[in-house]
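# Architecture and fold: a report
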Amino acid sequence: MTYKTLFILLIYASVFVAHRVLVFFPLPSKSHSLLGYAIVDNLLAAGHEVVHITSFPRNQVRSENFILDIDVSEIGIRLKSAVLNDEDGFTIKDLVGKKIDLVYVMSFVFEVHKQVLHNSNVKALFSDPKRKFDAVIVEWGYSNFVAGIASIFESPLIWCSTTEAYWQSLELIDEVPCPAYHVDLFSHNHTPFTFWQRLEELAVIIQRKILASIYVTPNEKIAYYSIFSAYAEKRGVTLPSYVDAIYNGSFMLINSHPTVGTAFRLPQNAKYVAGFHIKPEVQPLPKDIQKIMDESRNGVIYFSMGSSLKSIGMSNNMQSVLTEMLAKLNETVIWKFENDLNYIPENVHFVKWAPQHSILAHPNLKFFITHGGQLSTIEALHFGVPVIGIPVMADQVQNMHSIRGKGFGITVDLTEDNLASDLLSAIKEMKANSTYTRRAKELSAIYHNRQQSPAQELVYWIEYVIATRGAPHLRSPALFVPFYKKLYLDLIAIIIVLQLIFVLAIKRLISVAKERKKEKMT
């Protein structure tokens, strides 16, 4: 080795420092795990070491760096089977005409997290005082007490919000946004709100706050102290209070972007990074799908209800009428369907697995029929593809409200009787009106017009938080101002008291004046 080469290597080593990062994405949801692995892969590509807690372990991945997958999949499978008698969780037919119960979601996530933290492999990792991490990245999902993970490792905490910027996540690093224009994630309202919708959005926050104070927070505190006190003792660290731990987040990575979501006001320590899970190079299609898409004379329609809500979860009647409707189209249809059907129309191709990014990137694709999940809508925008959305639950309704408002999507209600006819009408509208495709291309260009790619920005901010020891200079002052001060309730109370004193004083003066007048008259 020459002196010049050695000098260059020394310079490089002095500039670049490999960090060790813990990525905590244990929820038993395939789409959520895709984001967890995207964080892992981007950190590995940047030369860092990663330990990953997941319900979807890959084969033990080894690269030039180190990665350890800690498998906690059995917890999600067991809980889903116990609660729903179904390892896949909710199905589409279960949710037709219904709203998902948020209390159930919060309880389920809390129970998953609690049991994950008692997993033997996780316990071994957390109890080992030799294990150190430069940062801890935690998926936020209605469960705040997992912030204690960063506390026991004495590491900066980076939250990752897998949905749009949401008031229950933003309040951990800033404050509750104004409900007059900031819609709840599970709401079916959309801005601009009517008077009653504004009241409804405010009522949701009040209701959720009451629920938190009575049920959620007390249970979280019990779990926080019972679980993390033991870990802290073994590691020889002082465990902060529950409140100090959950509001100690250094940063929040938000899987959204104003072109697909809403341009909400964000604090300095929160950034939109939507698209970081999409690789810059589009992978080649499997030969059979490539042939189908290349040879389709009238273009291709891609139909997928996502990885969690599967098409196989539709009722038999819904499957049948949709298949018959799609058979009447001139276009070729690629439908991600997880089972075999007896009736297969000539123009419809059922695939049990679909390389979604590669299909969306194909020039012969006309549009995308989707459930409106966050990843699918981001991917559609990334590739400039218009969408027809059939939202089923959670944030999907809001995602499609946003996309419809931006002009590159149509929403179809999920109904047992009218889905096929309504979907056909939406297909005819999208075929007849080129505005949807043009708008998708316009917004896609804006989405891509960034100083850094989403993956580069993701890594940059993680490294920035580590380099600045938690980026305390970015933290919002709103965290340190009590609620009553933000609303000037103390000032209002003083004004009311002064008014009462003034009124009483006036009454007293009038009373004294009347008494003196009577005395003079007598």
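For the structure, check the block above.
Right, let's walk through the structure included here. Per chain, residues are indexed from 1 in the order of the written sequence. Since the coordinates come from a predicted model, pLDDT governs what is reported: local features require at least 70, and pairs of side-chain atoms require 80 or more to be given and counted, while whole-chain, interface and lining totals use all residues. The side-chain values count all of the structure's non-hydrogen atoms but skip hydrogen atoms and water molecules.

## A word on the overall build of the protein
How we decide: Only DSSP runs of H or I with at least four residues qualify as helices, and only runs of E with at least two residues qualify as strands; both kinds are numbered from the N terminus onward. Per-residue accessibility, obtained with a 1.4 Å probe over protein chains only, is compared with the maximum for each type, and a residue is labelled buried under 20%, exposed over 50%, and partly exposed between these values. In this analysis, two residues are considered to be in contact whenever any of their non-hydrogen atoms come within 4.5 Å of each other. Under the convention used here, a 1.4 Å probe and the Shrake-Rupley method define accessible areas, while residue burial counts only the protein chains that appear. Just so you know, the count uses Lys and Arg for positive and Asp and Glu for negative, and it drops His and the chain ends. Charge placement uses NZ in Lys and CZ in Arg. For Asp and Glu, CG and CD serve respectively.
Looking only at helices and strands, the protein has 20 helices and 13 strands in total. Expressed as lengths along the three principal axes of its C-alpha atoms, the size of the protein is roughly 110 × 70 × 50 Å. Taking all 522 residues of the protein together, 51% fall into the buried category. A fraction of 65% describes how many contacts in the protein between residues 6 or more apart in sequence connect residues 24 or more apart. If you sum the accessible surface of the protein, you get close to 25900 Å²; carbon and sulfur atoms cover 57% of it. For the protein, the separation between the mean place of its 51 positive charges and that of its 48 negative charges on side chains is 7 Å.

## Digging into a nonpolar patch on the surface
Counted only if it meets this: Residues with no salt bridge and a relative accessible area higher than 30% make up the patches, which join like charges within 9 Å and nonpolar side chains (Val, Leu, Ile, Met, Phe, Trp, Tyr) within 5 Å. Definition used for salt bridges: Asp or Glu carboxyl oxygen within 4 Å of a side-chain nitrogen of Lys or Arg.
Together, Phe483, Tyr484, Leu487, Leu489, Ile492, Ile496, Leu500 and Leu504 line one region of the surface with nonpolar side chains, adding up to about 790 Å² of accessible area. Elements with a contribution of two residues or more to the nonpolar patch: α19 (483-486) and α20 (489-521). Per-element tally for the nonpolar patch: the top contributor is α20, with five residues. Within the secondary structure, Ile492 sits in helix α20.

## Remarks on helix α15 (residues 396-406)
For α15, the tally of buried residues reaches eight of eleven residues, placing the bulk of the element in the interior. Taken residue by residue, α15 has Gln396, Val397, Gln398, Asn399, Met400, His401, Ser402 and Ile403 as its buried positions. If you follow the buried residues of α15, they end up packed against α14 (374-382), β12 (387-389) and β13 (409-411). The positive-phi residue at the C-terminal boundary of α15 is Gly407, with phi of around 95°.

## Observations regarding the sheet that holds strand β3 (residues 67-71)
Picture the strands of a sheet paired through backbone hydrogen bonds; they go either parallel or antiparallel. Counted only if it meets this: Paired strands, as defined in this entry, are two strands with at least two bridges between them according to DSSP. Orientation is described by lines fitted to C-alpha atoms, with helices fitted over the stretch in contact, and by angles between N-to-C directions that extend from 0 to 180 degrees.
Read from one edge to the other, the open sheet built from seven strands follows the order β3-β2-β1-β4-β5-β6-β7, with strand pairing classed as parallel. The two strands at the open ends of the sheet, each matched to only one other strand, are β3 and β7 (270-272). If you compare each strand with its neighbour and ignore which way they point, the axes differ by 20° on average. Most of the contacts of helix α2 (residues 30-45) go to strand β1 (residues 20-25), to which it runs at about 170°, and overall it touches β1, β2 (49-54), β3, β4 (135-140) and β5 (157-161). On top of the sheet, helix α6 (residues 120-127) reaches β1, β2 and β3; it is set at about 145° to β2, its chief contact.

## Considering the sheet that holds strand β9 (residues 332-336)
Sheet architecture is open: six strands sit in the order β10-β9-β8-β11-β12-β13, paired in parallel fashion. Strands at the two margins of the open sheet, each flanked by one partner only, are β10 (348-351) and β13. The sheet shows a mean angle of 20° between the axes of neighbouring strands, taken without regard to direction. Both strand β8 (residues 300-304) and strand β11 (residues 365-370) contribute to a ladder of five bridges, which runs parallel. Within β11, the residue paired with Tyr302 across the bridge is Phe368.

## A few points about unusual backbone geometry
With an omega of -5°, the peptide bond between Thr191 and Pro192 qualifies as cis. Its location among the elements puts Pro192 in the loop between α8 (167-170) and α9 (195-235). Backbone geometry at Ala471 places phi at a positive 45°, although glycine is not the residue there. Within the element layout of this structure, Ala471 appears in the loop between α18 (454-467) and α19. For Ala471, a relative accessible area of 0% puts it in the buried group.

## So, helix α12 (residues 316-327)
The criterion, for reference: Residue count minus one, scaled by 1.5 Å, sets the expected span of a helix. Each C-beta atom gives one direction from the helix axis, and the arc is the one those directions make.
In this model, α12 (twelve residues) spans 17 Å end to end at C-alpha, consistent with the 16 Å of a helix rising 1.5 Å per residue. The complete set of buried residues in α12 reads Met318, Gln319, Leu322, Thr323, Met325 and Leu326. Seen from one end, α12 has its buried residues packed into an arc of 165°, which puts them on one side.

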